[in-house]
Amino acid sequence: MSDEVKKSVPPLRNAVRIVPLGGLGEVGRNCNVLEYQGKLVVADCGVLFPEEAQPGVDLILPNLDYLEDRLDDIAAIVLTHGHEDHIGAVPYLLKMRPDIPVIGSQLTIAFVEAKLQEHHIAPNVTVVAEGDSMRIAGMEFEFIAVNHSIPDALALFIRTPEGNILITGDFKMDQLPLDGRLTDLRAFAAAGDEGVDLFMCDSTNAEIPGFVHSESEIQPVIDSVIGGATGQIVVASFASHVHRVQQVLNAAAHNGRKVAFVGRSMVRNMKIAEDLGYLDVPEGTVVDLKNMKDLPENRRIYMSTGSQGEPMAVLSRIANRSHPKVAINPGDTVLLASSLIPGNENSVFRVINGLIKLGANVIHQGNARVHVSGHAAQGELLYCYNILQPAYAMPIHGEVRHQVANAGVAVKTGVPADNVILAENGSVIDMIDGEVRLVGSVPFQNIYVDGSSVGDITESELKDRQILSNEGFIAIFAVVDTNARRIVTGPHLQARAMAEDETVFDSITPEVTRALEEAVAKGSDSYGMQQAMRRVVGRWVSRKLRRSPMIIPTVVEV
């Protein structure tokens, strides 16, 4: 650990320490590090998807820098379920140390292994199921079944010498789940009877009153949409939403349609789910994408990725008419069978507008009940707090507004307000003898995946990208004879990504020339000459054009 980190946090003593490396104040990259007696357990290791203000970025990782100097201390990565915001960063941590044990449920581990194959990593995995317990780093982990929008999700009940912790992962209390697997409230009650010192609870839907609707309520709506469509159908969902895909397959079989999976992650994940028995494919319903052209359009369903408007995902490419095998025609139906992740609204509506322009009938959460959330609402959270009666609460997995709403639920059920910890990414929380305290913080930064680069792009470079995309670019070029102290050629001004024609610079060029001549006469070095030109152009462009472009002056000395 760096000296900066050591100075920012008091010594450990006997504490069980918790350091969130992602997932607080945001929806994504969930990752909490638990430490006891010098050993670390990483609970989930997910990714965050970039916003429009982060151009060119593919993924945002948890702050893995915190672990860089302590890789040998990591006893295991324990995963609650197989969504990208909980497993997507596992390959990047394993690249730092490939032999770290990875522990999770059968489906979760299968999804992780498939992902790791693409990164050429052979993981050290252990499969667990609800009801199992195992000792890791001096702590006992018990795995509890919870219901979510992906099968095989688990909560973690962690017994330690300093107190007990319950981490829900993502969960809800669907009483009629498609797979019959309920959130195990009996296990929650047993944990409550034993004593929960710290409850780390999913906050995503804490603002929403009441209860989340059951997945079973979606099937009639999907049946109706597919049964009433006359042309092709495209259904977009998360590539890991096995339950939603099951409902589409059921409706397709009932209405005599065939389904083709589109998108590498969709094809991969559904093959895994079918092989492991989590997806029941009606005989003859699924066909290969290349064979869809042989079917009449009114018998085609494309099950695709891209429900969040990701630029390179299948649905965006269909909307842009750039997908090589799927094209929308007037009268076709597009069903977005997922919720909007906060921050993705503009991207999703851009795709919807593109599809409507092509003549598609677009059905989404805003105009039909085609999706239910996988996260517990206030009513379900109230049940949990009352069953568990935790001494301390630490809302996780959500934006600040979600965490605050979750904290309000905790206080309503009797958790003292002083015992509710509103932590941030990088906070350091210690539990000693059942008492939980926020004791400090560690430096926290975003780690960006940008093509094949990981962590090399900085916030300042992202700011430069934003300036380039929003304000444009001006280049100034001049050649100077430093011995004769005269300008050989230039200065020449060129602009890119600006609305104005380059002739607009004719009026300012004489001023730039005078500024350069003065700098040359004074014997300024190349940097001084460049700055002289930059100042003149910057002031003029701000005053005249109301713009703040990136200005790159270049002086060649001869």
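Preceding this section is the structure that the text describes.
In this text, all values refer to a predicted model and were calculated from it rather than measured experimentally.

Cut-offs used in this document
Residues numbered from 1 in each chain as written. Predicted model: local features only at pLDDT ≥ 70, side-chain atom pairs only at ≥ 80, totals over all residues. Heavy atoms only, no water. Salt bridge = Lys/Arg side-chain N within 4 Å of Asp/Glu carboxyl O. Helix = DSSP H or I, 4+ residues; strand = E, 2+ residues; numbered from the N terminus. Buried < 20%, exposed > 50% of the residue type's maximum accessible area, 1.4 Å probe, protein only. Pairing = 2+ DSSP bridges. Axes fitted to C-alpha atoms, helices over the stretch in contact; angles between N-to-C directions. Contact = heavy atoms within 4.5 Å. 1 Å grid on protein atoms, 1.4 Å probe; cavity = no way out; pocket = protein on both sides within 12 Å on 5 of 7 lines; lining within 4 Å. Points joined across faces, edges and corners; volume = space filled by probe spheres on them. Nonpolar A, V, L, I, M, F, W, Y, C, P; charged D, E, K, R; others polar. Parallel < 35°, antiparallel > 145°, perpendicular 65-115°, else oblique. Left-handed = near helix turned anticlockwise from the far one by under 90°. Phe/Tyr/Trp six-rings, centres within 6.5 Å; stacked < 30°, edge-to-face > 60°. Core = buried A, V, L, I, M, F, W, Y, C linked by side-chain atoms within 4.5 Å. Domains from an automatic or database assignment.

Chemist: Can you break down the pattern of salt bridges residue by residue, with the values?
Modeler: Opposite charge on two side chains permits pairing when their charged atoms draw close. Applying the stated criterion across every chain, the model contains 19 salt bridges. The partner of R244 in a salt bridge is E215, with the nearest N and O atoms 2.7 Å apart. Remark: E215 occurs in the loop between β12 (198–202) and α7 (218–228) and R244 occurs in helix α8 (residues 242–254); sequence separation between them is 29 residues. With relative accessibility at 0%, the residue R244 sits in the buried group. Note on E215: relative accessible area 1%, which makes it buried.

Chemist: Give me the pairing of strand β24 (residues 486–496): which residues, what numbers.
Modeler: As paired strands, strand β23 (residues 473–481) and β24 are joined by eight bridges and run antiparallel to one another. Along β24, the bridge assignment pairs I474 with A495. Joining the antiparallel neighbours β23 and β24 is a turn of four residues, in which R485 adopts a positive phi near 50 degrees.

Chemist: Describe the sheet that holds strand β11 (residues 163–167), and please don't skip the residues or the numbers.
Modeler: Through backbone hydrogen bonds, the strands of a sheet pair up, either in parallel or in antiparallel fashion. Spatial strand order, β8-β9-β10-β11-β12-β18: six strands in an open sheet with mixed pairing. In this open sheet, the two strands that pair with only one neighbour each are β8 (133–136) and β18 (392–396). Between one strand axis and the next, the sheet turns through 20 degrees on average, direction left out of account. Here β8 runs beside strand β9 (residues 139–145); their pairing, made up of four bridges, is antiparallel. Each bridged residue has a counterpart across the sheet, and for M134 the counterpart in β9 is F141. Its contacts with the sheet put helix α6 (residues 185–194) on β9, β10 (154–160) and β11, and the angle it makes with β10 is roughly 20 degrees. Its contacts with the sheet put helix α12 (residues 378–388) on β11, β12 and β18, and the angle it makes with β12 is roughly 165 degrees.

Chemist: Outline unusual backbone geometry, listing residues and values.
Modeler: A cis geometry characterises the amide bond from G490 onward to P491, with omega recorded as 0 degrees. Inspection of the secondary structure assignment puts P491 in strand β24. A positive phi angle, near 60 degrees, is found at H120, a position not held by glycine. Of the residues examined, H120 reaches a relative accessible area of 76% and is grouped as exposed. The phi angle at H397 is positive, at roughly 55 degrees, despite the residue not being glycine. Turning to its location among the elements, H397 is positioned in the loop between β18 and α13 (400–412).

Chemist: Could you give an account of empty space enclosed by the protein, with specific residues and numbers?
Modeler: Scanning the model with the defined rule gives one cavity of 30 Å³ or more in all. Looking at the largest cavity, its volume works out to about 90 Å³. Around the largest cavity, the lining comprises 14 residues; the ones closest to its centre are N30, N32, D44, H86 and I396. Across the lining of the largest cavity, the residue classes tally to five nonpolar, seven polar and two charged.

Chemist: Summarise the packing of helix α15 (residues 509–521) against helix α16 (residues 526–545); cite the residues concerned and give the values.
Modeler: Contact geometry for α15 and α16: axes closest at 9 Å, N-to-C directions at 155 degrees. With respect to their mutual orientation, α15 and α16 come out roughly antiparallel. Handedness of the crossing formed by α15 with α16: right-handed. Within the contact between the two elements, α15 uses E511, V512, A515, L516, A519 and V520 and α16 uses M529, A532, M533, V536 and V537.

Chemist: Kindly report on the packing of aromatic side chains, identifying the contributing residues and their values.
Modeler: Tallied over the full model, the rule gives four aromatic pairs. Aromatic pair F171 and F188: ring centres 6.4 Å apart, planes at 40 degrees, arrangement tilted. Placement of the pair is F171 in the loop between β11 and α6 and F188 in helix α6, with a sequence separation of 17 residues. The pair formed by F171 and F188 is uniform in burial state, with each residue classed as buried.

Chemist: Quick rundown of the nonpolar core? Include the residues and the values.
Modeler: Generally speaking, nonpolar side chains in soluble globular proteins are found buried as a group. Core analysis: the largest hydrophobic core is formed by 68 residues, its most contacted members being V42, L67, I77 and L93. Looking at which element gives the most residues to this core, the answer is helix α5 (residues 106–118), with seven residues. A domain-level breakdown of this core finds at least three residues from each of domain 1 (16–210 + 373–450) and domain 2 (215–363). For V42, the contacting residues outside a window of four places in its chain are C31, N32, V33, L67, I74, A76, I77, V78 and L93. Listed in part, the 31 residues of the second largest apolar core include L24, Y36, I158 and V436.

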